[in-house]
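Residue strings, one per chain:
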Amino acid sequence: MIRHLMLAFTIALCSLFVALPAWAGSYLDRASLLLDEARREGDMLLPRTHDKELVMVVHALAEARALVARKMECPSSVSKAHPHLLLVLANSERAAEAAAQGNFKKFMEHLTVARNEDRAFRALITELGYALPDLSSKR
């Protein structure tokens, strides 16, 4: 009886350690993609805030990213960091909106906040013992 109980406990414990990192890994993949694209678009828009068509595309993509991040599931193991992800994406969207309105000062303010929140998110993920995947092309 005790042997069966120990076996069940061991299996449950092993499945806990196998399942949680896998789910956190999926979250980290999604978060990394969202952060990478937000940064890339901010970098591209920075010297081109006068290009209305580009601003329109970036704003639409930023809105979609923010909406997706608000709806995506977040594992409890990294839940402390998720609000920072939401702030990155919300400020990226606000930066694009400010660029659409021709307000470069507000654009820069929101872009700076987004980048600061990005650093805070990455620091918290590292503190929690995880790492964001590197999405750079390996061609």
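Residues numbered from 1 in each chain as written. Predicted model: local features only at pLDDT ≥ 70, side-chain atom pairs only at ≥ 80, totals over all residues. Heavy atoms only, no water.

Caption draft 1: How the structure looks around the overall build of the chain. Secondary structure assignment for the chain yields four helices and zero strands. Listing the helices and strands of the chain from first to last along the sequence gives α-α-α-α. The buried share of the chain, reckoned over its 139 residues, is 33%. Per element, the accessible surface of the chain, about 8,800 Å² overall, is 64% carbon and sulfur. (Helix = DSSP H or I, 4+ residues; strand = E, 2+ residues; numbered from the N terminus. Buried < 20%, exposed > 50% of the residue type's maximum accessible area, 1.4 Å probe, protein only. Areas by Shrake-Rupley, 256 points an atom, 1.4 Å probe, with all protein chains shown as cover.)

Caption draft 2: Fine view of the confidence of the model for the chain. The predicted model of the chain has a mean per-residue pLDDT of 85, with 81% of residues at 70 or higher. Low pLDDT, under 50, characterises residues 18–23; the stretch is placed with five contacts to residues that sit more than four places away or in other chains. (pLDDT = per-residue confidence, 0-100. Contact = heavy atoms within 4.5 Å.)

Caption draft 3: Focus on the pattern of salt bridges. Evaluated as defined, the whole model comprises six salt bridges. Note that Glu 41 is salt-bridged to Arg 65, the shortest N-O span being 2.6 Å. In this pair, Glu 41 is assigned in helix H1 (residues 2–45) and Arg 65 in helix H2 (residues 52–71), connecting sequence segments 24 residues apart. Judged by relative accessible area, which is 10%, Arg 65 ranks as buried. Its salt-bridge partner being Glu 109, residue Lys 106 comes within 3.4 Å of it at the nearest N-O pair. Of the two residues, Lys 106 and Glu 109 are both situated in helix H4 (residues 104–127); the distance of three residues between them amounts to about one turn of the helix. Of the residues examined, Lys 106 reaches a relative accessible area of 38% and is grouped as partly exposed. Look at the salt bridges and you will find they share partners, linking Asp 36, Glu 37 and Arg 40 into a network. (Salt bridge = Lys/Arg side-chain N within 4 Å of Asp/Glu carboxyl O.)

Caption draft 4: Spotlight on the packing of aromatic side chains. With the rule as written, the count across this model stands at one aromatic pair. With a centroid separation of 5.8 Å and 35° between ring planes, the pair formed by Phe 104 and Phe 107 is classed as tilted. A residue pair is termed a helical-turn pair when its members lie 3 or 4 positions apart in one helix, as Phe 104 and Phe 107 do in helix H4 at three residues. We classify Phe 107 as buried; its relative accessible area is 1%. (Phe/Tyr/Trp six-rings, centres within 6.5 Å; stacked < 30°, edge-to-face > 60°.)

Caption draft 5: Layout of H2. The end-to-end C-alpha distance of H2 is 29 Å, a good match for the 28 Å that 20 residues give at a rise of 1.5 Å each. For H2, every residue scored as buried is listed here: Leu 54, Val 55, Val 58, His 59, Ala 62, Arg 65, Ala 66 and Ala 69. The buried residues of H2 occupy an angular sector of 130° when the element is viewed end-on, so they sit on one face. Turned more than 90 degrees away from the buried face of H2 sit Glu 53 and Lys 71, all of them exposed. (Expected span 1.5 Å × (residues − 1). Arc of directions from axis to C-beta.)

Caption draft 6: Spotlight on the packing of helix H3 (residues 82–100) against H4. Two elements in contact, H3 and H4, have axes whose closest approach is 8 Å; the angle formed by their N-to-C orientations is 165°. Between H3 and H4, the angle falls in the class roughly antiparallel. The way H3 lies across H4 gives a crossing that is left-handed. Packed against H3, whose contacting residues are His 82, His 84, Leu 85, Leu 87, Val 88, Asn 91, Ser 92, Arg 94, Ala 95, Ala 96, Ala 98 and Ala 99, the element H4 presents Lys 106, Phe 107, His 110, Leu 111, Val 113, Ala 114, Glu 117, Asp 118, Ala 120, Phe 121 and Leu 124 at the interface. The residue inventory of the contact of H3 with H4, partitioned by class, reads 14 nonpolar, five polar and four charged. (Axes fitted to C-alpha atoms, helices over the stretch in contact; angles between N-to-C directions. Parallel < 35°, antiparallel > 145°, perpendicular 65-115°, else oblique. Left-handed = near helix turned anticlockwise from the far one by under 90°. Nonpolar A, V, L, I, M, F, W, Y, C, P; charged D, E, K, R; others polar.)

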